[in-house]
Amino acid sequence: MRYNWNWAILVTEPYLVWMLSGLMWTIAVSLVGWVIALVLGSIVGIARTVKQPLVRWIAAAYVEIFRNVPLLVQIFLWYFVLPELLPPAAGTWLKRDLPNAEFWTAAVSLGTYTACRVAEQLRAGIQAIAGGQASAGLASGLTTVQVYRYILLPVAFRIIVPALTSEFLNIFKNSSLALTIGLLEVTSRSRQISEYTYQPIEIFTEATMLYCLIALLVATGMRIIEKRSALPGMIAVEAR
Amino acid sequence: MGGFDFAYLAAALPLLWEGMQVTLLLTLFGIIGGLTLGAVLAVLRLSRTRPVALAAAAYVTFFRSIPILLGLFWFYFLVPIWLGRPIDGFYAALAGFVLFEAAYFCEIIRAGIQSVRHGQVLAGLASGLTYRQTMRSVVLPQALRNMLPVLLTQSINLFKGTSLVYIVGVRDFLTAADVIGARDNRIVEMYALVAIVYFLICFAASLLARRLQRRYAI
């Protein structure tokens, strides 16, 4: 193997700035995606546990559709297919005028995909405590909304924190797929820099380290939240 | 875009089927390789020798921390430098999938083995079985039943995940559809078709996984 090692390439201009900007995009798209996933996932997860069959069915359909199509295909559907199906004006706006279209498309794809996983976790969390507690709440005069707001959700969310940790980590890893629609995040930047410099080993090592660092930060941060939110006497429930 | 043209689809089928075969082969070899390496890792992880257990745990944590796509790039760009000649994207991708899936399969197998209560191991040993016999006749049959549905779910994930080879230019199902769609300017239909096919296969397999769960879970 002949290879000219040059670790200095990592701090050479403009490659350092490229990689840092890649890191920023990875973090930004993952965090925005995570907010979408939490909000949408909570709604869908709750909808899967309500009494109305139609609502439950729609929520289940959402989960099955988003879970059973590869994320990469979903990204393509959002980016290439959706603008064609919309009315021409809206489609053109999405394709041409939306600033940072790759970023928003990636964030929405990651968010809607992760939402189905969050929803399944939350459903499992709610079902782990539903039954007796919900009946007790209703019997004591609370409305259904109040039962969810004051009894089921506070406990369910605390039960599923460990499961959410792994979903949160997954969204950072999955954000690498955004390179297919041209978002210059860490993986995309590392490929680009390695093609410019012919120093793939150094560059991919750097990218690998960056992802490890993100994973470490996520794990550490979530462990603090897990400790604070853990319910005494309850073990974590994992949805399949 | 107009309506869906079934005659056109029929003409595209041979190419799509070729792509699907690549997808299925990647999935199959990925499962075989990943399960084998994952089982070895799980045994090492449960080893009483601490450095061995720690090394296996480090492997799992490392591979679960980085995106599989970055792993594919490692193989795709680096192995050629190492070997001094380009390698087929298929093998680079397969090597990446095996190494990454092994980490996930390892955790499933470990959780399956640990789902059998330790008291049963003690009971087996107390009744005169050797450790090996206890593992083979008491622990593993139950562990297998517990891990079977999860293994299937992970295999479905791998099946979906093989679509990533699109990025390194391997002609899998998604790539084949993409090539046809770009050639004939029918990208919308082709992506929709890909989504539907993946959905049907994965949905059917996930129903099977749920059924196995109900039937075999202890």
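Residues numbered from 1 in each chain as written. Chains lettered and ligands numbered in written order. Predicted model: local features only at pLDDT ≥ 70, side-chain atom pairs only at ≥ 80, totals over all residues.

Across its full length, chain A carries ten helices and zero strands. Along the chain direction, N to C, the helices and strands of chain A fall in the order α-α-α-α-α-α-α-α-α-α. With the principal axes as the frame, chain A shows a C-alpha extent of 75 × 50 × 30 Å. Out of the 240 residues belonging to chain A, those deemed buried represent 42%. (Helix = DSSP H or I, 4+ residues; strand = E, 2+ residues; numbered from the N terminus. Buried ≥ 20, exposed ≤ 12 C-beta atoms within 10 Å, placed from the backbone.)

Scanning chain B from terminus to terminus reveals eight helices and zero strands. The linear arrangement of helices and strands in chain B, starting from the amino end, is α-α-α-α-α-α-α-α. Across its three principal axes, chain B shows a C-alpha extent of roughly 70 × 45 × 25 Å. Of all 218 residues assigned to chain B, the portion counted as buried reaches 39%. Considering only intrachain contacts with a sequence separation of at least 6, the fraction spanning at least 24 residues in chain B is 74%. (Contact = placed C-beta atoms within 7 Å.)

A word on unusual backbone geometry. For the bond running from A:Glu13 to A:Pro14, omega is -5°, close enough to zero to count as cis. Its location among the elements puts A:Pro14 in the segment before α1 (15-47). Residues other than glycine seldom take positive phi values, yet A:Asn100 does so here, at roughly 55°. Looking at the secondary structure, you find A:Asn100 in the loop between α4 (88-97) and α5 (101-129). Since 13 C-beta atoms lie within 10 Å of it, A:Asn100 is described here as partly exposed. A positive phi angle, close to 60°, is found at B:Asn185, a residue other than glycine.

A few words on the packing of helix α1 (residues 6-45) of chain B against helix α6 (residues 131-161) of chain B. Residue and element names in this part refer to chain B. Contact geometry for α1 and α6: axes closest at 9 Å, N-to-C directions at 135°. Between α1 and α6, the crossing angle belongs to the class labelled oblique. Two packed elements cross with a definite hand, and for α1 against α6 that hand is right-handed. Residue-level inspection shows Thr27, Gly30 and Ile31 of α1 in contact with α6, the latter providing Ser155, Leu158 and Phe159. Looking at the contact of α1 with α6, its residues break down into three nonpolar, three polar and no charged. (Axes fitted to C-alpha atoms, helices over the stretch in contact; angles between N-to-C directions. Parallel < 35°, antiparallel > 145°, perpendicular 65-115°, else oblique. Left-handed = near helix turned anticlockwise from the far one by under 90°. Nonpolar A, V, L, I, M, F, W, Y, C, P; charged D, E, K, R; others polar.)

This part covers the interface of chain B and chain A. Across the contact, 31 residues belong to chain B and 30 residues belong to chain A. Mapped by element, the contributors of at least two residues to the side of chain B that touches chain A are α3 (68-83), α6 and α8 (187-216) of chain B. Looking at which element gives the most residues to the side of chain B that touches chain A, the answer is α8(B), with eleven residues. For the side of chain B that touches chain A, a count of residues per class yields 26 nonpolar, four polar and one charged.

Predicted confidence across chain A gives a mean pLDDT of 91, with 96% of residues reaching 70 or more. Here residues 236-240 of chain A is modelled with pLDDT under 50, and outside its nearest four sequence neighbours on either side it reaches 15 contacts, counting other chains as well. (pLDDT = per-residue confidence, 0-100.)

In this structure, A:Val44, A:Leu72, A:Val73, B:Leu72 and B:Val194 are the most contacted members of the largest nonpolar core, which totals 113 residues. At 14 residues, the largest contribution of residues to this core is made by helix α4 (residues 89-114) of chain B. Aside from chain neighbours lying at most four places away, what touches B:Leu72 is B:Ala92, B:Ala93, B:Gly96, B:Leu164 and B:Val168. (Core = buried A, V, L, I, M, F, W, Y, C linked by C-beta atoms within 7 Å.)

All names here are of chain B. It is the contact of helix α2 (residues 50-65) with α4, at a shortest axis distance of 9 Å, that shows an interaxial angle of 120°. Relative to α4, α2 is oriented oblique. Considering how the two elements wind past one another, α2 and α4 form a crossing that is left-handed. On α4, the residues that touch Tyr59, Val60, Phe63 and Arg64 of α2 are Leu99, Phe100, Ala103, Cys106 and Glu107.

Below, the discussion takes up the environment of B:Val194. Mapped onto the elements of the fold, B:Val194 is located in helix α8. Owing to 26 C-beta atoms within 10 Å, B:Val194 belongs among the buried residues under this scheme. C-alpha separation for the pair B:Val194 and B:Val139, spaced 55 residues apart in sequence, amounts to 41 Å. Once residues lying within four places of it in the same chain are set aside, the contact partners of B:Val194 are A:Val73, B:Phe173, B:Leu174 and B:Ala177.

Turning our attention to the confidence of the model for chain B. All names here are of chain B. For chain B, mean pLDDT is 91; residues scoring 70 or higher make up 98% of the total. Summarising per-element confidence for chain B, the mean pLDDT is lowest in α3 (87) and highest in α2 (96). Taken together, the chains of this predicted complex give a pTM of 0.91 and an interface ipTM of 0.91.

All names here are of chain A. For Trp25, the location among the structural elements is in helix α1. Distance in space between the C-alpha atoms of Trp25 and Glu185 is 5.2 Å, their sequence separation being 160 residues. If near-sequence neighbours (up to four positions away) are discounted, Trp25 is found in contact with Leu183, Leu184 and Glu185.

Before going further, it helps to examine helix α10 (residues 200-229) of chain A. Between its first and last C-alpha, α10(A) extends 42 Å over 30 residues, near the 44 Å set by a 1.5 Å rise per residue. Among the residues of α10(A), A:Pro200, A:Glu202, A:Ile203, A:Phe204, A:Glu206, A:Ala207, A:Thr208, A:Leu210, A:Tyr211 and A:Ile214 are the ones counted as buried. (Expected span 1.5 Å × (residues − 1).)

We now examine α8(B). A rise of 1.5 Å per residue sets the reference length of α8(B), with its 30 residues, at 44 Å; its end C-alpha atoms lie 43 Å apart and thus fit the reference within 8%. Regarding α8(B), the residues found buried are B:Glu189, B:Met190, B:Tyr191, B:Val194, B:Ala195, B:Tyr198 and B:Cys202. Tucked inside the fold, the buried residues of α8(B) contact α3 (71-85) of chain A together with α6 and α7 (173-184) of chain B.

We now examine the environment of B:Met190. Residue and element names in this part refer to chain B. Within the element layout of this structure, Met190 appears in helix α8. You can call Met190 buried: it has 25 C-beta atoms within 10 Å. Each C-alpha atom of the pair Met190 and Ala12 lies 9.8 Å from the other, and the pair is 178 residues apart in sequence. Leave out the neighbours within four places in its chain, and Met190 touches Ala177, Asp178, Ile180 and Gly181.

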